[in-house]
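Residue-level structure breakdown
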Amino acid sequence: MISKYDKENKILTLIITEEIDQHTADNIRRKLDNEIEIYNSKKVIFDFTNITFMDSSGIGMVLGRYKLVKMLGGEFELINVNRRLKKIFDMSGVSRIIKINNEGLIAKEENNEEAI
Amino acid sequence: MKRLYDNEMKLEFSSKTCNEAFARIAVAAFVSQLDPTIDELSDIKTAISEAVTNSIIHGYEEGEGTVKIEARIYLDTVQIEIIDNGKGIENVEMAMKPLYTSKPDLERSGMGFTIMESFMDEVKVESALGFGTRVIMKKKITPKEDLKEDNLSDEKQKEDIKNTLGA
Ligand SMILES: Nc1ncnc2c1ncn2[C@@H]1O[C@H](COP(=O)(O)OP(=O)(O)OP(=O)(O)O)[C@@H](O)[C@H]1O
Ligand SMILES: [Mg+2]
């Protein structure tokens, strides 16, 4: 996991680099909670760019962190969620509760197409 | 007698969550002989992960036990079975409903079976209380001719599959 903090705008971005399954979820959860609590920022962004694998363990993990951020009075957003993960978040209703911003991902795909 | 399948593999491992990545990568490696797309491989890996996790945390309730996987290839279709001798499911129909979970306290979402059904072509569950559970899933792998229009070159695809397997 990589964390980036934008001091000026009080935005914490957490880039998750691990595969998310039942085995890894606890550890990732602990690290995320820790960062969220330390910075107590205005906005927390989870960046999914580097996630190569996620199963249903990720749903509860994301919802749990969303609740924590809300409780601390911040905003919460997911970015760069690929098609497969988006499908999982849509099926489980996560997309209806949490903002998913895929503008960056779409821009990247368009660039790739031009390159081909 | 003629066998009904073209290829087969069987796998047995301890009921420990640290074996999840091993299980899904092993099955993906076996399926890769059908030349699947990266998406098909990821679908299979996700479904395996759901079923194996269920055996470990629900079937054996994180205690001791053995999880078995059997995979068979019939022409262009792979059938994968995940088997445990754990506590079994009382009401399979209810268990398979989206959002149903018997462990809401542990940040479970009850989406495991729904994900298996959406990523595989067919999912069947056989279970008996006190004896265990068998999840049988099937997926047809797209024949290569159908992918001709795909703008991924063969080389690029092989490379991507290697990366997916390695991850
Ligand atoms: N192998 C099994 N042995 C015993 N019970 C099982 C087994 N697999 C599933 N179940 C039961 O079926 C329910 C639904 O399973 P499902 O995978 O859909 O959701 P979950 O595991 O509770 O949550 P999630 O998969 O989203 O983390 C479980 O809560 C459990 O009660
Ligand atoms: Mg499950």
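Whatever comes next refers back to the structure up there.
The present account deals with the structure reproduced in this document. What you see is a predicted model; the values in this text were computed from it and never measured.

Comments concerning the overall build of chain A
For chain A, the count of helices and strands is 5 helices and 5 strands. Listing each helix as α and each strand as β along chain A from the N terminus yields β-β-α-β-α-β-α-α-β-α. Projecting the C-alpha coordinates of chain A onto the three principal axes gives extents of approximately 45 × 35 × 25 Å. With 116 residues in all, chain A has 50% of them scored as buried. By element, 47% of the accessible surface of chain A is carried by carbon and sulfur atoms, the whole surface being about 6,300 Å². Placing the 18 positive and 19 negative side-chain charges of chain A at their respective mean positions leaves the two points 5 Å apart.

Quick word on the pattern of salt bridges
The full count for this structure, using the stated rule, is 21 salt bridges over all chains. For the salt bridge of Lys31 of chain A with Glu18 of chain A, the shortest nitrogen-to-oxygen distance reads 2.8 Å. One end of the pair, Lys31 of chain A, is in helix H1 (residues 22-39); the other, Glu18 of chain A, is in the loop between strand E2 (11-15) and H1, with 13 residues separating them in the sequence. The exposure class assigned to Lys31 of chain A is partly exposed, which follows from its relative accessible area of 31%. Assessed through its relative accessible area of 19%, Glu18 of chain A is described here as buried. Salt-bridge contacts for Glu107 of chain B lead to Arg65 of chain A; the nearest nitrogen and oxygen are separated by 2.7 Å.

As for the packing of aromatic side chains
Following the criterion strictly, the structure yields 5 aromatic pairs over all chains and no others. Ring geometry for Tyr66 of chain A and Phe76 of chain A: centres 6.0 Å apart, planes at 65°, overall edge-to-face. Here Phe76 of chain A lies in strand E4 (residues 75-79) and Tyr66 of chain A lies in helix H2 (residues 57-71), a separation of 10 residues in the sequence. Each member of the pair, Tyr66 of chain A together with Phe76 of chain A, is buried. Centroid distance Phe13 of chain B to Phe22 of chain B: 6.2 Å. Interplanar angle 90°. Geometry classified as edge-to-face. With a relative accessible area of 6%, Phe13 of chain B lands in the buried category. Among the residues examined, Phe22 of chain B registers a relative accessible area of 43% and is labelled partly exposed. Three or more aromatic residues joined by ring pairs form one cluster here, namely Phe46, Tyr66 and Phe76 of chain A. The residue whose ring lies beneath Arg24 of chain B is Phe53 of chain A, and the NZ or CZ to ring-centre distance is 3.8 Å.

Points about the nonpolar core
Counting 37 residues, the largest nonpolar core has Ile44, Ile48, Ile69, Ile80, Ile82 and Met137 of chain B as its most contacted members. Elements represented by at least two residues in this core include exactly strand E1 (7-14), helix H1 (20-31), helix H2 (38-59), strand E2 (66-74), strand E3 (77-84), helix H4 (112-119), strand E4 (122-128) and strand E5 (132-140) of chain B. A total of 8 residues in this core trace back to one element, the largest contributor, which is H2 of chain B. Beyond its immediate sequence surroundings of up to four residues, Ile44 of chain B is in contact with Val27, Val31, Val78, Ile80, Met120, Lys139 and Ile141 of chain B. Ranked by size, the runner-up nonpolar core spans 29 residues in total, among them Phe46, Val62, Leu78 and Val94 of chain A.

Re the interface of chain A and chain B
Interface size is commonly expressed as the accessible surface area that is lost when the partners come together. At the junction of the two partners, chain A supplies 22 residues and chain B supplies 25 residues. Per-residue buried area on chain A facing chain B is highest for Gln22, Arg84 and Met91 of chain A; these three make up 31% of the total on that side. Between Glu19 of chain A and Arg24 of chain B there is a salt bridge, and its shortest N-O distance comes to 2.7 Å. At the junction of chain A with chain B, the criterion picks out 13 residue pairs in polar contact (both at pLDDT 80 or more). Contributions of two or more residues to the side of chain A that touches chain B are made by H1, H2 and helix H3 (83-91) of chain A. Residue composition of the side of chain A that touches chain B, by class: 6 nonpolar, 8 polar and 8 charged.

Rules behind the numbers
Residues numbered from 1 in each chain as written. Chains lettered and ligands numbered in written order. Predicted model: local features only at pLDDT ≥ 70, side-chain atom pairs only at ≥ 80, totals over all residues. Heavy atoms only, no water. Helix = DSSP H or I, 4+ residues; strand = E, 2+ residues; numbered from the N terminus. Buried < 20%, exposed > 50% of the residue type's maximum accessible area, 1.4 Å probe, protein only. Areas by Shrake-Rupley, 256 points an atom, 1.4 Å probe, with all protein chains shown as cover. Lys, Arg positive; Asp, Glu negative; His and termini not counted. Charge placed at Lys NZ, Arg CZ, Asp CG, Glu CD. Salt bridge = Lys/Arg side-chain N within 4 Å of Asp/Glu carboxyl O. Phe/Tyr/Trp six-rings, centres within 6.5 Å; stacked < 30°, edge-to-face > 60°. Lys NZ or Arg CZ within 6 Å of the ring centre and 35° of its normal. Core = buried A, V, L, I, M, F, W, Y, C linked by side-chain atoms within 4.5 Å. Contact = heavy atoms within 4.5 Å. Buried area = accessible area lost by both parts, 1.4 Å probe. Polar contact = N/O pair within 3.5 Å; in protein donor to acceptor, adjacent residues only side chain to side chain. Nonpolar A, V, L, I, M, F, W, Y, C, P; charged D, E, K, R; others polar.

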